[in-house]
Amino acid sequence: MIVIKSLNKSYGNKIVLKDINLSFKRGEIVGIVGENGAGKTTLFKCITGLENYQGSIEYDNGIIKNTTGFLPTNPYSLSRITGIEYLQLLVNARKIKTSNLKDKNIFDLPLNQFADTYSNGMMKKLALTGILLQDKEIFILDEPFNGVDIHSNIMIKEVLSKLKELDKIIIISSHIFSTLNETCDLLHYLKNGEIIRSADRSEFEMVEDEMKGSIIGNRIDKLGLK
């Protein structure tokens, strides 16, 4: 279990996260929803130890950064290494023994091609595959559905379902509500650096309506469409 208490994060005078109090249990898929710039990525970087912060993040099973697989919004590769070499590098880094990495290529990627020539969606699928091969206990996926094709979206949903079945801690984000609505057990609505609503599945529609009202307001009416 991960417990976050009174987490605050600022860059100079700019407050990015304000008094965040959350917990994440095993066997649940928890979504962080919010507009671009709401603070989702910063929150994830704090949890994974990539950013300093004020407050506390407690984990009951060792050092959190050592057991977390983090998928950033825009993963990148070292130059001039192939997809298969990228995967080999990740498993070697965690001293994971695995046979025939090409058999693990669930997204049918061109693994013999240089990874730095991949599209963003392809790179995201490669990075996710690498994380899955590292045998982690916590999975934090920042916009995992963004930029990938419909078949890969289906595959990612099935991966999330399997991780839930395996009793992992799973946290995902999206600014597109429908993707979270289909996969998550709980949602936390992050706006301007604060959690303004938390909801179980029975209340997802309320969160969606609140988001729509915040994002759209009366902007469409201003167009004067006839």
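Residues numbered from 1 in each chain as written. Predicted model: local features only at pLDDT ≥ 70, side-chain atom pairs only at ≥ 80, totals over all residues. Heavy atoms only, no water.

Participant: Give me the lowdown on the side chain of Lys-168, citing residues and values where you can.
Facilitator: Of note, Lys-168 is situated in the loop between helix H4 (150-165) and strand E7 (169-174). Its relative accessible area of 10% is what places Lys-168 among the buried residues. Contacts of Lys-168, omitting those with residues within four sequence positions, involve Lys-25, Arg-26, Gly-27, Glu-28, Asp-135, Lys-136, Glu-137, Phe-139 and Leu-163. (Helix = DSSP H or I, 4+ residues; strand = E, 2+ residues; numbered from the N terminus. Buried < 20%, exposed > 50% of the residue type's maximum accessible area, 1.4 Å probe, protein only. Contact = heavy atoms within 4.5 Å.)

Participant: If you had to explain unusual backbone geometry to someone new, which residues and values would you point to?
Facilitator: A positive phi is found at Arg-80, a non-glycine position, where the angle reads about 65 degrees. Along the chain, the position of Arg-80 falls in the loop between strand E5 (68-71) and helix H2 (83-93). By relative accessible area, Arg-80 is classed as exposed at 54%. Positive phi, normally seen in glycine, also occurs at Asp-167, with a value near 70 degrees. Along the chain, Asp-167 falls in the loop between H4 and E7.

Participant: So what's going on with helix H3 (residues 120-133)? Residues and values would help.
Facilitator: With 14 residues, H3 should cover 20 Å at 1.5 Å per step; its first-to-last C-alpha distance of 20 Å lies within 8% of that length. Restricting attention to buried positions, one finds in H3 the residues Gly-121, Met-123, Lys-124, Lys-125, Leu-126, Ala-127, Leu-128, Thr-129, Gly-130, Ile-131 and Leu-133. Residues of H3 that are buried sit in contact with E5, H2, strand E6 (138-142) and H4. Looking at the residues trailing H3, positive phi occurs at Asp-135, about 60 degrees. (Expected span 1.5 Å × (residues − 1).)

Participant: Which residues make up the sheet that holds E6, and what are the values?
Facilitator: Read across the open sheet, the 6 strands follow the order E5-E6-E7-E3-E8-E9; overall the sheet is mixed. Unpaired on one side and paired on the other, E5 and strand E9 (194-200) mark the two borders of the sheet. Strand-to-strand twist in this sheet, taken as the mean axis angle between neighbours without regard to direction, amounts to 15 degrees. With 4 bridges joining them, E5 and E6 adopt parallel strand pairing. Within E6, the position partnered with Leu-71 by the bridge is Leu-141. (Pairing = 2+ DSSP bridges. Axes fitted to C-alpha atoms, helices over the stretch in contact; angles between N-to-C directions.)

Participant: Tell me about the pattern of salt bridges, and please be specific about residues and values.
Facilitator: Under the counting rule described, the total for this entry stands at 9 salt bridges. Between Glu-182 and Lys-157 there is a salt bridge, with the nearest N and O atoms lying 2.4 Å from each other. Highlighted residues: Glu-182 in helix H5 (residues 177-183) and Lys-157 in helix H4, separated in sequence by 25 residues. The residue Asp-185 makes a salt bridge to Lys-164 at a minimum N-O spacing of 2.8 Å. One end of the pair, Asp-185, is in the loop between H5 and strand E8 (186-191); the other, Lys-164, is in helix H4, with 21 residues separating them in the sequence. (Salt bridge = Lys/Arg side-chain N within 4 Å of Asp/Glu carboxyl O.)

Participant: Hey, could you go over the packing of H2 against H3 for me, with residue numbers and the actual values?
Facilitator: It is at 9 Å that the axes of H2 and H3 come closest, and there the two elements cross at 30 degrees. With respect to their mutual orientation, H2 and H3 come out roughly parallel. The way H2 lies across H3 gives a crossing that is right-handed. Residues Gly-83, Tyr-86, Leu-87, Leu-90 and Val-91 of H2 form the contact with H3, whose participating residues are Met-123, Leu-126, Ala-127, Thr-129, Gly-130, Ile-131 and Leu-133. In terms of residue class, the contact of H2 with H3 is made up of 9 nonpolar, 3 polar and no charged. (Parallel < 35°, antiparallel > 145°, perpendicular 65-115°, else oblique. Left-handed = near helix turned anticlockwise from the far one by under 90°. Nonpolar A, V, L, I, M, F, W, Y, C, P; charged D, E, K, R; others polar.)

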